[in-house]
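# Notes for the structure review
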Amino acid sequence: MLDQKVKELINTQVNKELYSAYLYLDFADYYQDLGLDGFAHYYDVQAQEERDHAMLMRQYLINNGEHVTLTAVDAPAYTYKTPMDPLKYGLEHEQYVTSLINTIYGAANDVHDYRTMQFYDWFVKEQGEEEKNADDLIKKYQLFGSDPKGLYALNQELLARVYAAPTLVI
């Protein structure tokens with residue numbers, strides 16, 4: 001059995017990860033409407049990653065004899081005025097998720113729950129990658145987004161992204 005606070009934080013995170021998937025699907029839909037299918041694909045892949053994160057955390061709770069409580073997933077409330085908006089919101093969101101993961105890790109550390117800390121080591125590393133990827137995409141858009149040929153090339157690069165399932169063993 002997990003510490004009650006740690007369990008509650010992980011359960012909340014399952015639901016936050018599902019919201020992240022919704023958010024990224026919303027980004028994908030926005031880009032699809034603009035005809036930027038590469039950007040849409042990039043965020044479709046991001047949504048799949050977030051769903052997988054939720055499922056890993058859910059399974060971790062189940063494997064530790066805990067009940068999972070799913071809550072309603074809020075619809076994303078962002079409005080987009082420019083193609084840069086979702087990119088910036090994406091970075092801000094990843095930074096927020098990093099803070100949530102750090103809170104879970106800290107709570108597990110406080111009660112000497114080394115198994116949960118070990119499980120979340122992967123997520124700590126993953127969040128570093130997620131923030132870097134979001135920041136890199138902003139930089140690329142700033143460099144190439146105002147030039148039609150550059151935007152086309154960036155869109156094609158994003159269209160080539162291949163989904164890779166997490167390699168975390170629970």
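Just so it is clear, the model here is predicted, and its values are computed rather than measured.

Moving on, we come to the overall build of the protein chain. Each helix and strand counted, the protein chain has five helices and zero strands in total. In the protein chain, the order of α-helices and β-strands from amino to carboxyl end is α-α-α-α-α. With the principal axes as the frame, the protein chain shows a C-alpha extent of 55 × 30 × 25 Å. Within the span of the protein chain, comprising 170 residues, buried residues form 45% of the whole. Residue pairs at least 24 apart in sequence account for 81% of intrachain contacts in the protein chain once pairs closer than 6 positions are excluded. Of the roughly 9000 Å² that the protein chain leaves accessible, carbon and sulfur atoms contribute 55%. Averaging the positions of the 14 positive and the 27 negative side-chain charges in the protein chain gives two centres separated by 2 Å.

In this structure, F27, Y31, F39, Y43, L87, L137 and Y141 are the most contacted members of the largest nonpolar core, which totals 25 residues. When contributions to this core are tallied by element, the ones reaching two or more residues are helix 1 (4-34), helix 2 (37-63), helix 3 (84-110), helix 4 (114-144) and helix 5 (148-159). Top element by residues in this core is helix 1. It accounts for seven residues. Look past the residues within four positions of Y43 in its chain and what remains in contact with it is Y24, F27, A28, Y31, P86, L87 and L137. Counting residues in each nonpolar core, the second largest holds 21 residues, with V6, A108, Y120 and W122 among its members.

On to the layout of surface pockets. Of the pockets and cavities examined, the largest pocket occupies roughly 210 Å³. T12, N15, K16, Y19, T71, A72, V73, D74, Y78, H93 and Y96 together form the lining of the largest pocket. Listed by contribution, the elements that provide at least two residues to the lining of the largest pocket are helix 1 and helix 3. Roughly 160 Å³ of volume is contained in the second largest pocket. In terms of lining residues, the second largest pocket is bounded by 13 residues, among which E49, E126, E130, R161 and A164 are the most central.

Attention now moves to the UniProt feature "domain: Ferritin-like diiron" (unreviewed entry) in the protein chain. Here the UniProt feature "domain: Ferritin-like diiron" (unreviewed entry) sits at residues 1-145. Secondary structure across residues 1-145 comprises 80% helix and 0% strand; the distance between its end C-alpha atoms is 50 Å.

On to empty space enclosed by the protein, then. By the definition in use, this model includes one cavity of 30 Å³ or more. By volume, the largest cavity amounts to about 50 Å³. Secondary-structure elements contributing two or more residues to the lining of the largest cavity are helix 2, helix 3 and helix 4. Of all the elements, helix 2 adds the most residues to the lining of the largest cavity, at three residues. Of the residues that constitute the lining of the largest cavity, the class distribution is four nonpolar, two polar and two charged.

Following the sequence through the fold, T71 ends up in the loop between helix 2 and helix 3. When its relative accessible area of 46% is taken as the criterion, T71 is described as partly exposed. Sequence separation of T71 and L18 is 53 residues, and the distance between their C-alpha atoms is 9.7 Å.

Quick notes on the rules
- Residues numbered from 1 in each chain as written.
- Predicted model: local features only at pLDDT ≥ 70, side-chain atom pairs only at ≥ 80, totals over all residues.
- Heavy atoms only, no water.
- Helix = DSSP H or I, 4+ residues; strand = E, 2+ residues; numbered from the N terminus.
- Buried < 20%, exposed > 50% of the residue type's maximum accessible area, 1.4 Å probe, protein only.
- Contact = heavy atoms within 4.5 Å.
- Areas by Shrake-Rupley, 256 points an atom, 1.4 Å probe, with all protein chains shown as cover.
- Lys, Arg positive; Asp, Glu negative; His and termini not counted.
- Charge placed at Lys NZ, Arg CZ, Asp CG, Glu CD.
- Core = buried A, V, L, I, M, F, W, Y, C linked by side-chain atoms within 4.5 Å.
- 1 Å grid on protein atoms, 1.4 Å probe; cavity = no way out; pocket = protein on both sides within 12 Å on 5 of 7 lines; lining within 4 Å.
- Points joined across faces, edges and corners; volume = space filled by probe spheres on them.
- UniProt positions renumbered as here; feature names shortened; annotations may be inferred.
- Nonpolar A, V, L, I, M, F, W, Y, C, P; charged D, E, K, R; others polar.

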